[in-house]
Amino acid sequence: MSQLPAEPDLLLLLHDVARLLRLEIDRRARLHGMNRAQWAMLIKLARHPGLSQKDLAELLEVEPMSVARLTDRLAARNLVERRADPRDRRIWRLHLTEAARPLLAEIEAQRGAVAALIGSGLAPETMDMLVGELLRIKATLLGAGRCGGAAHDETGACAAAPGGMAAASGDDTTAQAEQEMV
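In what follows, the accompanying structure is described. Here, residues in each chain are numbered from 1, in the same order as that chain's written sequence. With pLDDT at 70 or above as the cut-off, local features in this predicted model cover only qualifying residues; side-chain atom pairs require 80 or more to be listed or tallied, and sums for whole chains, interfaces and linings still use all residues. Note that water and hydrogens are dropped before the side-chain values are worked out from all heavy atoms of the structure.

## Here we look at helix H6 (residues 124-146)
We apply this condition: Strands here are runs of E lasting at least two residues and helices are runs of H or I lasting at least four, both read from the DSSP assignment and numbered beginning at the N terminus. A helix is expected to span 1.5 Å multiplied by its residue count minus one. Burial here depends on accessible area, computed with a 1.4 Å probe over protein chains only, as a share of the maximum for the residue type. Under 20% is buried, over 50% is exposed, and the range in between is partly exposed.
Compared with the 33 Å implied by 1.5 Å per residue over 23 residues, the 33 Å span of H6 between its first and last C-alpha is a close match. Within H6 the residues assigned to the buried category are Leu135, Ala139, Leu142 and Gly143.

This is how it looks when you write it as structure tokens:
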């Protein structure tokens, strides 16, 4: 049986930090009688009003049925409303109600508190570097899924996309990673 390395394992460390972050956000959401998924849904709708349940499910990376249940719960609290799509009567568009605005302000305050907790003890330039490097890692992983098995260069970009075309530069992928943070 092989011996595991004694030094910190980057993959396990990233996993543990993400898990602890989820637990902290869950704890804070419960204080408001909600959960992390409901908070995420409210944030996405604040940034992208009028999403369909299907589009929102894709953004949240959950099944459409999960979004339907979340919508039911949030609608019962008068935080979200369904409106018929003017072009397709089969589609419901989701919108925040005015009652959601104070809760969104509290969610943003809690997000700020969590960010401050994460950054406590870190110099601002260290935090800037950490964010930049995490964006680079995210861009690399986003690019890896788009290469279709092609090799990656040292930036993580596809060395050659299928069909012989070069893939987008690392800067393009990093910009996309930043956009997907929304």
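Next, the rest of the story.
## Observations regarding a nonpolar patch on the surface
To keep it simple, the criterion reads: Here, patches come from residues exposed beyond 30% relative accessible area and free of salt bridges, joined within 9 Å for like charges and within 5 Å for nonpolar side chains (Val, Leu, Ile, Met, Phe, Trp, Tyr). Only the protein chains shown count as cover for residues, and the accessible areas themselves come from Shrake-Rupley with a 1.4 Å probe. Salt-bridge detection follows one rule: a side-chain nitrogen of Lys or Arg within 4 Å of a carboxyl oxygen of Asp or Glu.
A contiguous nonpolar patch, built from Leu10, Leu14, Leu122, Leu130, Leu134, Ile137 and Leu141 and spanning about 600 Å² of accessible area, is present on the exposed surface. Residue assignment for the nonpolar patch shows that the elements contributing at least two residues are helix H1 (10-30) and H6. Among the elements that line the nonpolar patch, the one with the most residues is H6, at four residues. Its place among the elements puts Leu10 in helix H1.

## Brief notes about the sheet that holds strand E2 (residues 80-84)
So the rule is basically this: When DSSP finds two or more bridges between two strands, those strands count as paired.
Ordered in space as E1-E3-E2, the three strands form an open sheet in which the pairing is antiparallel. Here the strands that pair on one side only, and so sit at the sheet edges, are strand E1 (51-52) and E2. Direction of pairing for E2 relative to strand E3 (residues 92-96): antiparallel, over a ladder of five bridges. Counted as the bridge partner of Arg82 is Leu94 from E3.

## Quick look at the packing of helix H2 (residues 36-47) against helix H3 (residues 53-60)
Heads up, the rule is: A fitted line through C-alpha atoms represents every axis, and for helices the fit uses only the stretch in contact; the resulting angles, taken between N-to-C directions, go from 0 to 180 degrees. Less than a right angle of anticlockwise turn of the near helix away from the far helix marks a crossing as left-handed, whereas a clockwise turn marks it as right-handed. In what follows, a contact means two residues having at least one pair of non-hydrogen atoms within 4.5 Å. Gly is placed with the polar residues, together with every amino acid not listed as nonpolar (Ala, Val, Leu, Ile, Met, Phe, Trp, Tyr, Cys and Pro) or charged (Asp, Glu, Lys and Arg).
Direction vectors running N to C along H2 and H3 enclose 115 degrees, while the axes themselves pass 11 Å from each other. Note on packing geometry: the crossing formed by H2 with H3 is right-handed. Between H2 and H3, the contacting residues are Ala40, Met41, Lys44 and Leu45 on the first element and Leu56, Leu59 and Leu60 on the second. When its residues are assigned to classes, the contact of H2 with H3 shows six nonpolar, no polar and one charged.

## Notes on helix H4 (residues 64-76)
Put simply, the rule reads: Working definition: the arc comes from the directions between the helix axis and the C-beta atoms, pointing outward to the latter.
Between the first and last C-alpha of H4 there are 18 Å, a value that for 13 residues agrees with the 18 Å anticipated at 1.5 Å per step. Within H4, the full set of buried residues consists of Val67, Ala68, Leu70, Thr71 and Leu74. All buried residues of H4 fall inside an arc of 165 degrees around its axis, so they share one side. What points out from H4, more than 90 degrees from its buried face, is the exposed set Met65 and Ala76. Of the residues trailing H4, Asn78 is marked for its positive phi of about 60 degrees.

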